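Listed below are the residues making up each chain.
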Amino acid sequence: KKTTTAKKAAPAPAAEGFALDVSVEQFKESIVRNLNTTLGTDAEKASDKAWWGATAAAVNELVFSRLSQTQKTHLNKDTRAVHYLSLEFLMGRLMGNNLQSLGLFENAAQALKELGHEITDLAEEEPDMALGNGGLGRLAACFIDSLASLNYPAIGYGIHYEHGLFRQTIQQGRQIERPDSWREYGNPWEICRPESTQEVPLFGYVETVFENDGSLRKVWHPGSVIKGVPWDIPIVGYKGTTVNILRLWESRASEFFDWDAFNAGAYKDAQGEQNLAETVSKVLYPNDETEAGKQLRLVQQYFFCACSLKDIMRRYKRAHGDDFSKYAEQIVIQLNDTHPTVAIPELMRVFMDEEGLNWEDAWAICQQSFAYTNHTLLPEALEKWPVYLFERVLPRHLEIIYEINRRFLDEVEAQWPGDDAKKIKLSLIEEGAQRMIRMGNLCVVGSYKVNGVAAVHSELVKADLFPEFYEMWPEKFVNVTNGVTPRRWLKACNPRLSSLISDTIGSDWPGQLDKLVALKPYADKAAFQKKYMQAKRENKLELVNTIRELTGVEVSPDAIFDVLIKRLHEYKRQHLNLLHILALYRRLLENPNMDFHPMVFLFGAKAAPGYKLAKEIIFAINKVADRINNDPRIKDKLKVVFLPNYRVSLAEKLIPAADLSEQISTAGYEASGTGNMKMALNGALTMGTMDGANIEIAEEAGEENMFIFGLSVDEVKETKAKGYNPWDYYYGNPEIKAVLDWLDTDYFTPGEPGALSAIKRSLLDGGDPYLVLADFESYSEAHKRANEMYKDQKAWAKSAILNTAQMGKFTSDRSIEDYVDRIWSLKKCDVK
Ligand code: GPU
């Protein structure tokens, strides 16, 4: 099947208006040449992986020149730039995205076809770049896409993990974690920049030097030094004029310290140092919204912050020398959650200990350079580091944090004279048996802006999380509602719907998503509804095949595809969905002729390896799925599928095929959500609580085009204040009691009664902290409405179209413009 014999070239499909001038023929030539010169093989014997590599190399030929052009332009114009510090960038695959951005996807596909390959098949050869856990990491990826697409000077800084988020397999229903080796066979998208290597000090002690003039000077004598080597990933803006970079640091052993030990014969010690140095960027911590509290995690955080600040400083000095008066004018550093907080004391240290600035000047610059994004209110996610760890790893930074705190507590005293309770609450140090540093408080004190990620979340940040800080500095707090890049999350992942949209309203929408409103008049036109639902059906058919390949389960495209994809967390309430599935199953067993449109419930979720209950929920979903899928009595009306190893590339297959989007967090707990936006954009109707960005989706799409249920944020608070008792629901609702009791039997785990009891125990004995039982009935009613509505395909189609048409607000381009207006004040910089 792999033939390169010159078939008569098919007429080139119309490339996009903005496309580079690269013909199908030229692209073919480039692929074949790269097969020889980059991959060292040839068309006769090349593997699919080699063909993919050659295509990537052909793309790079076009990208790299633009990359250096962009860097030259930014250097010459010396523009203000944003530096996005994030421990996570969940990039997924880059081939499709880069081709889309260059406007060359069609030509590349045609070139490969003429060379005997399907681009969609070759795309599967690319491993996901999974350097993130979930929403926070994927948001960073969408943001750097938008920054480049809008021609803003920006750089993403992170860690070049050798192993990204673990690969998940399911064995006997349970999650098994395997290492993710995304770079095992190399990665064509990254460029190593050894000339920009940095050194990072760690451990050791601080010496106080008394100068002759009576002043003090602090000298940090580090116990070891590790190297940070940068890898640059080009980020191609949509329509391809700006190519920014994502710079990821890899840790290595530094040359000098270990050679001394080595020469002294202490080979083992030298090896020990080597090990630490190379462990730092080994693996991404797989915990989502839970602090790890481990020394290595703190070292990771400091390592990438120190490297990034040095990199920023090097570039700044190239333009301004030692004159730091322009630093805050030129540089804004965005902290993606508290993970990079240590950058604040680090910049203070650099200014004072290395550049000789005094405290006041250094602090003034710092406070005008940092901004902080908060992504959660969950107490277990708010980072706190034991003081002793800081003392050991970063002794000089601890001193600086103490001094920041001393001065800050003076401000607190000025604001609330004599109020020691306030000081205890706001202090950067939490007193107790184990003294802790509160990274969130340090961020608020050290930043000039603090933002939440959806309107309701930003209000809760002010009212519940940082009320006193809000009182002190009200103008510091702003909202920037999250967004997603429509290039990846509609144009590339859903070509059928994309073409229909472009044929109907023109093709500007990927760069100006609010143009989608032009679809509104088509929402009740029968012909358009038909085409829209046809695209959805074909996407579902494709997913049917994927489901079969991945799980062996056969599902029908006529069923409602109900999709719940996100990290597994109690607050996200996958178990609410599961209990409702059990209720449906029970109803169907009691009445097989029940009026019910068949449903397929699709789950994708990874659990943090140490999160026991989350893993039990995965187990329960799989066991319930086995039982239901093989029960002939319900005549295929219900199917449950857990898709293993949920990741960006799998999301790209699920989202275009979703009919119902499950967004069912307890109100007040999901800061924003972004999968909710992706699915609504692709025409799924949201089954959701009034939480996070669901509220804003409802404002845009109209509540009548969603299925809203459950307690509101205020009602959740009231319920808890009154003293919530889950047993009331257990005894008050026979269906709840029946499905919970079912979990204690061996119905789903033959021969092993009680194997699924952990869920029931957490909901009853554990107090049901996320109010699953309180929302059950309302959820069940919302599902009845959805099932009923689906039978009216016209009504459903209309709502689905209105969802797509009214998601314009949720492009990450809009989020970035909000950051620019409210926080960054950047100027666009056109690149020729
Ligand atoms: N989020 Br904190 C993560 O994915 N990981 C984290 O460690 C923290 C937050 C998510 C929020 O849960 C989600 O609601 C939000 O949409 C996303 O960050 C991006 O802001």
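Procedures and definitions
Residues numbered from 1 in each chain as written. Predicted model: local features only at pLDDT ≥ 70, side-chain atom pairs only at ≥ 80, totals over all residues. Helix = DSSP H or I, 4+ residues; strand = E, 2+ residues; numbered from the N terminus. Rg over C-alpha atoms; globule rule 2.2 N^0.38 Å. Buried ≥ 20, exposed ≤ 12 C-beta atoms within 10 Å, placed from the backbone. Contact = placed C-beta atoms within 7 Å. Domains from an automatic or database assignment. Pairing = 2+ DSSP bridges. Axes fitted to C-alpha atoms, helices over the stretch in contact; angles between N-to-C directions. Near = placed C-beta within 6 Å. Parallel < 35°, antiparallel > 145°, perpendicular 65-115°, else oblique. Nonpolar A, V, L, I, M, F, W, Y, C, P; charged D, E, K, R; others polar. Expected span 1.5 Å × (residues − 1).

A.B. asks: I tried to follow the overall build of the chain on my own but got confused; where do I start?
C.D. replies: When its secondary structure is counted, the chain shows 33 helices and 25 strands. Taken against the 2.2 N^0.38 rule, which gives 28 Å for 832 residues, the C-alpha radius of gyration of the chain at 28 Å falls within 12% of a compact globule. For the chain, the spread of C-alpha atoms along the three principal axes comes to 95 × 75 × 55 Å. Split into buried and exposed, the 832 residues of the chain put 50% on the buried side. When contacts within the chain are restricted to residue pairs at least 6 apart in sequence, those whose partners lie at least 24 apart make up 76%.

A.B. asks: What is the right way to read the domain arrangement of the chain from this model?
C.D. replies: How large an interface is tends to be reported as the accessible area lost when its parts come together. Segmentation of the chain into domains returns domain 1 (16-77 + 94-127), domain 2 (78-91 + 128-480) and domain 3 (486-810). Here the C-alpha centre of domain 2 lies 35 Å away from the C-alpha centre of domain 1. Tallying the contact residues gives 19 residues for domain 1 and 20 residues for domain 2. Those elements that provide at least two residues to the side of domain 1 that touches domain 2 are helix H2 (48-77) and helix H3 (95-102).

A.B. asks: How should the sheet that holds strand S21 (residues 599-604) be read in this particular structure?
C.D. replies: The strands that make up a sheet are held in pairs by hydrogen bonds between backbone atoms, and each pair lies either parallel or antiparallel. Across the sheet, 6 strands lie side by side as S22-S21-S20-S23-S24-S25; this open sheet has parallel pairing. The outermost strands of the open sheet, each flanked by one partner alone, are strand S22 (638-642) and strand S25 (707-708). By the bridge criterion, 2 bridges tie strand S20 (residues 560-565) to strand S23 (residues 660-663) in an arrangement that is parallel. Bridge assignment links valine 563 to a residue of S23, and that residue is serine 661. Together, S21 and S22 form the strand contacts of helix H23 (residues 612-629), whose direction differs from that of S22 by roughly 145°.

A.B. asks: Could you clarify how one ought to interpret the sheet that holds strand S17 (residues 436-438) in this entry?
C.D. replies: Pairing is antiparallel in the open sheet, where 3 strands are placed in the order S15-S17-S16. Two strands lie at the open edges of the sheet, namely strand S15 (384-386) and strand S16 (429-430), each paired on one side alone. The sheet contact formed by S16 and S17 spans 2 bridges and is antiparallel. Along S17, the bridge assignment pairs isoleucine 429 with isoleucine 437.

A.B. asks: When you look at the site of the ligand in this model, what are you seeing that I'm missing?
C.D. replies: Near the ligand, the surroundings consist of 19 residues, among which Gly135, Leu136, His375, Thr376 and Ser672 are the closest. Two domains each provide a minimum of three residues to the shell around the ligand, namely domain 2 (78-91 + 128-480) and domain 3 (486-810).

A.B. asks: Would you mind going over the packing of helix H6 (residues 135-149) against helix H33 (residues 812-824) with me for this structure?
C.D. replies: Two quantities define a packed helix pair, namely the angle between the axes and the distance from one axis to the other. As a packed pair, H6 and H33 sit with axes 9 Å apart at the nearest point and diverge in direction by 75°. As summarised for this structure, H6 and H33 are arranged roughly perpendicular, according to the angle between their axes. Side by side, H6 and H33 meet where Cys142, Phe143, Asp145, Ser146, Leu147 and Ser149 of the first sit next to Ser812, Asp813, Ser815 and Ile816 of the second. Of the residues that constitute the contact of H6 with H33, the class distribution is 4 nonpolar, 4 polar and 2 charged.

A.B. asks: It is not clear to me how helix H32 (residues 793-805) should be interpreted in this structure. Could you clarify?
C.D. replies: Within an α-helix, residues lying three or four positions from one another point in the same direction, as the helix has 3.6 residues per turn. Over its 13 residues, H32 runs 18 Å from end to end, which matches the ideal 18 Å to within 8%, given 1.5 Å per residue. Restricting attention to buried positions, one finds in H32 the residues Trp796, Ala797, Ser799, Ala800, Ile801, Leu802, Asn803, Thr804 and Ala805. Looking at the buried positions of H32, the neighbouring elements they touch are helix H21 (526-551), helix H25 (675-681), strand S24 (685-688), helix H26 (694-701) and helix H31 (772-791).

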